[in-house]
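Chain and residue survey
One letter stands for each residue in the lines below.
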Amino acid sequence: MIAIMRKILFLLIILLGFNFSNAQSKDLLVEYDTTYSCVNYDKNKLKIYKGGRRNIIPFFRRLERIINGKNEKINIWHVGGSHVQAGTFSHRVRRDFALKVNKEKASRTILFPYKIASTNGPLDYSVSYSGSWSKSRCLESDPKYEMGLSGITVATSSPSASVTFSLSTSDSIDWRVRQLKVLGTASSSEVEPYIEVDGTTIRDYEGDSNNGYLFKLPRRSRSFTVKFEGLGGGNSFELRGVVALNDEPGVSYWASGVNGASTSSWLRCSLLEKDLDIVAPDMVIFGIGINDAHTTNFKRDKFKNNYQQLINMIKRVNPHCMFIFVTNNDNKLKGSINYNTPAVEDAFIELARENNGAVWNLFRVMGGSGSSRTWVRNGLMQKDHIHFTRDGYKLIGDLLYNSIMSEYLKWRKLTH
């Protein structure tokens, strides 16, 4: 009888564990449309190369602590070109982590006033401003201002200058801000940023131009204004962005994108390493490459060398950072298939192997060379055969998120 009871208890434990695993899988993965015939869903996998498991396992352990309600924080940085600047792709992944891992609370992280730079920005926050401003972008061969995390810097000497950010209220996630860090350089000690929020002026801050001006808000808020003391009379302030943080544990998803940016563009950002000290990335998702390879004179070795310089920079900030390389999507060059795309794919695989990283192969998820045609026909890609539609960006955001979380669930099943 005792032996029979032990067997029954053992079976119950297995069944309960199985049900828990299935429940957790359902809770942590997002649902998306699986009816698109143009999408190779079977290829939606994170290929982790040999040494990469040494870096991703500590990430998974910390992720598990967050899922279990512990006081843990993780920072993910996604960097690229127009796919990232537009915000739909990166914000979809941010939203998925917020919904599934963070229990609907998350820091919005880096904000930038793209409107001042006369270019498009993410749709999940709005920007208004006053005063006269000038700008530099990392695409410029000889930029006037130094750049960092945003890849763009805007500058002003107008005494009336201000920038107001308003975060979206269109979803269930609590994006409200409790701390703000202004990234920028003052021309003299007379110039200082300050914050106006909910009718309150906050002038006290910690830090400086070197590590950011940190303001602590009296309460959480979705809207705030950055103003400046001491402008005019030759004094100016160069703004590289504003970091919006809450005071909750969880995954914080940072995103930096500049339309047209290549690896060479990001290497021009002389303050990037300093700004990355503020991010302290545990994982970096590389999406730079479409602009490097959109030429008839693509230099594979130069591409890899530029990437290695960026990787070495990040390793100086965090030697144990996990790298995920997102391959170029299929695209057209001068109206024909861009045959540089497979060469970029190979370069990313080599970089992942050499730097203990992983590859998320968007090129193969799309279906390989020439697949952009079917994605256009299915309404997932724009007619330029380079950029996705909003539905397309949301879909690839969900696919990328699920590829990361599926690997976490595999790890959890093997270790528990």
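The paragraphs below set out a description of the structure included in this document.

Cut-offs applied
- Residues numbered from 1 in each chain as written.
- Predicted model: local features only at pLDDT ≥ 70, side-chain atom pairs only at ≥ 80, totals over all residues.
- Heavy atoms only, no water.
- Pairing = 2+ DSSP bridges.
- Helix = DSSP H or I, 4+ residues; strand = E, 2+ residues; numbered from the N terminus.
- Axes fitted to C-alpha atoms, helices over the stretch in contact; angles between N-to-C directions.
- Salt bridge = Lys/Arg side-chain N within 4 Å of Asp/Glu carboxyl O.
- Buried < 20%, exposed > 50% of the residue type's maximum accessible area, 1.4 Å probe, protein only.
- Parallel < 35°, antiparallel > 145°, perpendicular 65-115°, else oblique.
- Contact = heavy atoms within 4.5 Å.
- Nonpolar A, V, L, I, M, F, W, Y, C, P; charged D, E, K, R; others polar.

Read across the open sheet, the five strands follow the order β4-β7-β13-β9-β10; overall the sheet is antiparallel. Among the strands making up the open sheet, the edge pair consists of β4 (125-130) and β10 (200-202). If you compare each strand with its neighbour and ignore which way they point, the axes differ by 20 degrees on average.

This brings us to the pairing of strand β13 (residues 223-229). The pairing of strand β7 (residues 162-167) with β13 spans five bridges and is classified as antiparallel. Within the sheet, the bridge partner assigned to S166 lies in β13 and is S223. Where strand β9 (residues 192-197) and β13 come together, five bridges link them in antiparallel fashion. Residue pairing across strands places E192 opposite E229, the latter belonging to β13.

Overall, the coordinates contain 25 salt bridges when judged by the stated rule. Between E64 and R412 there is a salt bridge whose closest N-O contact spans 3.5 Å. Placement of E64 in helix α2 (residues 52-67) and of R412 in helix α11 (residues 390-415) is noted, with a sequence separation of 348 residues between them. With relative accessibility at 11%, the residue E64 sits in the buried group. One salt bridge in this structure joins E248 and K105, with 3.8 Å as the shortest N-O distance. Taken together, the residues E248 in the loop between β14 (237-245) and β15 (250-257) and K105 in the loop between α4 (88-100) and β3 (109-111) connect sequence positions 143 residues apart. Here E248 falls in the partly exposed class, since its relative accessible area comes to 22%. When salt bridges that share partners are traced, they join K105, D174, R176, R178, R220, D247 and E248 into one network.

Our focus in this paragraph is the packing of α2 against α11. Relative to each other, α2 and α11 sit at 90 degrees, their axes nearing to 10 Å. Considered as vectors, α2 and α11 are oriented roughly perpendicular to each other. Across the interface between the two elements, R53, I57, F60, R61, L63, E64 and I67 from α2 touch I404, M405, E407, Y408, W411 and R412 from α11. Its residues assigned to classes, the contact of α2 with α11 comprises eight nonpolar, no polar and five charged.

In terms of burial, β14 is largely enclosed, as seven of its nine residues are buried. Of the strand pairs in this sheet, β3 and β14 are connected by three bridges, and their pairing is antiparallel. Following the sheet pairing, L111 is matched in β14 by V242. Here three bridges tie strand β6 (residues 152-156) to β14, and the two strands are oriented antiparallel to one another.

Strand order in the open sheet formed by six strands is β1-β20-β17-β16-β2-β15, with mixed pairing between adjacent strands. The open sheet terminates on both sides in strands that have one partner only, identified here as β1 (46-48) and β15. On average, each strand axis in the sheet is tilted by 20 degrees relative to the strand beside it, whichever way the strands run. Relative to strand β17 (residues 322-326), strand β16 (residues 283-287) runs parallel, the two being bridged by four bridges. Looking at the pairing, M283 lines up with M322 of β17.

Turning next to the environment of G148. As for its placement among the helices and strands, G148 is situated in the loop between β5 (133-137) and β6. With a relative accessible area of 0%, G148 lands in the buried category. When the C-alpha atoms of G148 and N259 are compared, they prove to be 15 Å apart, with 111 residues separating the residues in sequence. Contacts of G148, omitting those with residues within four sequence positions, involve R240, W266, C269, L271, L272 and D275.

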